[in-house]
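# Working through the structure, step by step
Here is what each chain is made of, one letter per residue.
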Amino acid sequence: MPITPANGQTAGASAVGAPEDAAEPIMLELVDEDGTTIGTAEKLAAHQAPGQLHRAFSVFLFDEKGRLLLQRRALSKYHSPGVWSNTCCGHPYPGETPFAAASRRTAEELGVAPALLAEAGTVRYNHPDPDSGLVEQEYNHLFVGLLRTEPAPEPTEIAEVAFVTPEELAERHARLPFSAWFMTVLDAARPAVRELTGKSAGW
């Protein structure tokens with residue numbers, strides 16, 4: 001399948017470095033319940049209610065102390081702006097492997113190349129966003145890895161970042177808005193997270 005160029009954009013959302021009048025839409029890979037590709041759809045259309053099941057990825061990166069890197073999504077994002085979420089998430093272009101997409105977007109959003117990035121399973125979910133009315137119908141590929149350099153967040157994608165322990169995450173999650181999918185993907189990735197960070201990290 002052809003891969004949509006990285007500087008494509010869809011209505012209401014722009015890729016890093018994309019001109020505001022870029023005409024080519026971002027296409028996502030539609031899948032069935034087993035994760036088999038069945039077609040493509042434009043990004044915004046795939047997220048409009050009731051949503052179309054599509055391929056996605058979520059990345060969880062940890063520092064040498066076993067703390068998870070969180071990001072707060074930029075206020076300009078068309079979907080779930082200003083909320084806290086996992087280190088990086090997004091969608092492979094049609095024909096792009098989830099691992100390649102996870103590596104690409106981690107570099108684009110955070111300016112880093114994760115070490116020991118490894119697959120951590122998949123999870124399928126349906127999470128409506130009550131504020132935007134958009135729906136996350138996703139077959140999500142999970143990845144965990146280590147971060148050995150200081151992140152340099154891209155401001156059009158990320159408002160701020162924070163490293164947290166499990167206790168600090170629980171406190172933050174109780175008082176601040178998080179993405180609708182955050183706990184679903186974190187819980188699904190926990191076995192791989194524990195293997196990566198060790199028992200002492202507490203995940």
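Residues numbered from 1 in each chain as written. Predicted model: local features only at pLDDT ≥ 70, side-chain atom pairs only at ≥ 80, totals over all residues. Heavy atoms only, no water.

### Description of the overall build of the chain
Secondary structure summary: the chain contains four helices and nine strands in total. Listing the helices and strands of the chain from first to last along the sequence gives β-β-α-β-β-β-β-α-β-β-β-α-α. Taken as a whole, the chain presents about 9,200 Å² of accessible surface, with 54% of it coming from carbon and sulfur. (Helix = DSSP H or I, 4+ residues; strand = E, 2+ residues; numbered from the N terminus. Areas by Shrake-Rupley, 256 points an atom, 1.4 Å probe, with all protein chains shown as cover.)

### Considerations on the UniProt feature "binding site: Mn(2+)" (unreviewed entry) in the chain
In this structure's numbering, the residues bearing the UniProt feature "binding site: Mn(2+)" (unreviewed entry) are His 47, His 54, His 91, Glu 136 and Glu 138. A compact arrangement is adopted by the annotated residues: their sequence extent is 92 residues, whereas the largest C-alpha distance between any two is 11.9 Å. With respect to the helices and strands, the residue His 47 is situated in helix H1 (residues 43-47). In this structure, His 47 is in contact with Leu 28, His 54, Tyr 78, His 79, His 91, Leu 134, Val 135, Glu 136 and Glu 138, ignoring residues within four places of it in sequence. (UniProt positions renumbered as here; feature names shortened; annotations may be inferred. Contact = heavy atoms within 4.5 Å.)

### So, the packing of aromatic side chains
Using the criterion set out here, one finds three aromatic pairs in the structure. Ring centres of Phe 62 and Trp 203 lie 5.7 Å apart, and the angle between their planes is 70°; this geometry places the pair in the edge-to-face category. Residue Phe 62 is found in strand E3 (residues 54-62), and its partner Trp 203 is found in the segment after helix H4 (182-197); the two are separated by 141 residues along the sequence. Considered together, Phe 62 and Trp 203 belong to a single accessibility category, that of buried residues. Arg 172 extends its terminal NZ or CZ atom over the ring of Trp 84, reaching a point 4.6 Å from the ring centre. (Phe/Tyr/Trp six-rings, centres within 6.5 Å; stacked < 30°, edge-to-face > 60°. Buried < 20%, exposed > 50% of the residue type's maximum accessible area, 1.4 Å probe, protein only. Lys NZ or Arg CZ within 6 Å of the ring centre and 35° of its normal.)

### What about the UniProt feature "binding site: Mg(2+)" (unreviewed entry) in the chain?
UniProt tags Glu 109 as "binding site: Mg(2+)" (unreviewed entry). Take Glu 109: it is sitting in helix H2 (residues 98-110). According to the relative accessible area criterion, Glu 109 is buried, its value standing at 3%. Setting aside residues up to four positions removed in sequence, Glu 109 forms contacts with Gln 71, Cys 88, Cys 89, Ala 152, Pro 153, Glu 154, Glu 157 and Ile 158. At a separation of 2.9 Å, a polar atom in the side chain of Glu 109 contacts the side chain of Gln 71. (Polar contact = N/O pair within 3.5 Å; in protein donor to acceptor, adjacent residues only side chain to side chain.)

### A short note on the side chain of His 79
Assignment of secondary structure puts His 79 in the loop between strand E4 (68-73) and strand E5 (84-85). Of note is the side chain of His 79, whose polar atom sits 3.0 Å from the side chain of Glu 136. Ignoring sequence-local partners within four residues, the contact set of His 79 consists of His 47, Arg 73, Asp 129, Ser 132, Leu 134, Glu 136 and Trp 181.

### A few points about the pairing of E3
For E3, the buried fraction is high: nine of the nine residues fall into the buried class. Side chains His 54, Ala 56, Ser 58, Phe 60 and Phe 62 project from E3 onto one buried face, and the interleaved Arg 55, Phe 57, Val 59 and Leu 61 project onto a second face that is buried too. Bridge analysis of E3 against strand E8 (residues 135-146) gives nine bridges, and the strand direction is parallel. Residue pairing in the sheet places Arg 55 in a bridge with Tyr 139 of E8. Where E3 lies against strand E6 (residues 88-90), three bridges are found, and the strand directions are antiparallel. Bridging across to E6, Phe 57 finds its partner in Gly 90. (Pairing = 2+ DSSP bridges.)

### Considerations on H2
Here H2 contains 13 residues, and its C-alpha end-to-end distance of 18 Å stays within 8% of the 18 Å for a straight helix at 1.5 Å per residue. Those residues of H2 not exposed but buried are Pro 98, Ala 101, Ala 102, Arg 104, Arg 105, Thr 106, Glu 109 and Leu 110. Note on H2: the residue one or two positions beyond its end, Gly 111, has a positive phi of about 65°. (Expected span 1.5 Å × (residues − 1).)

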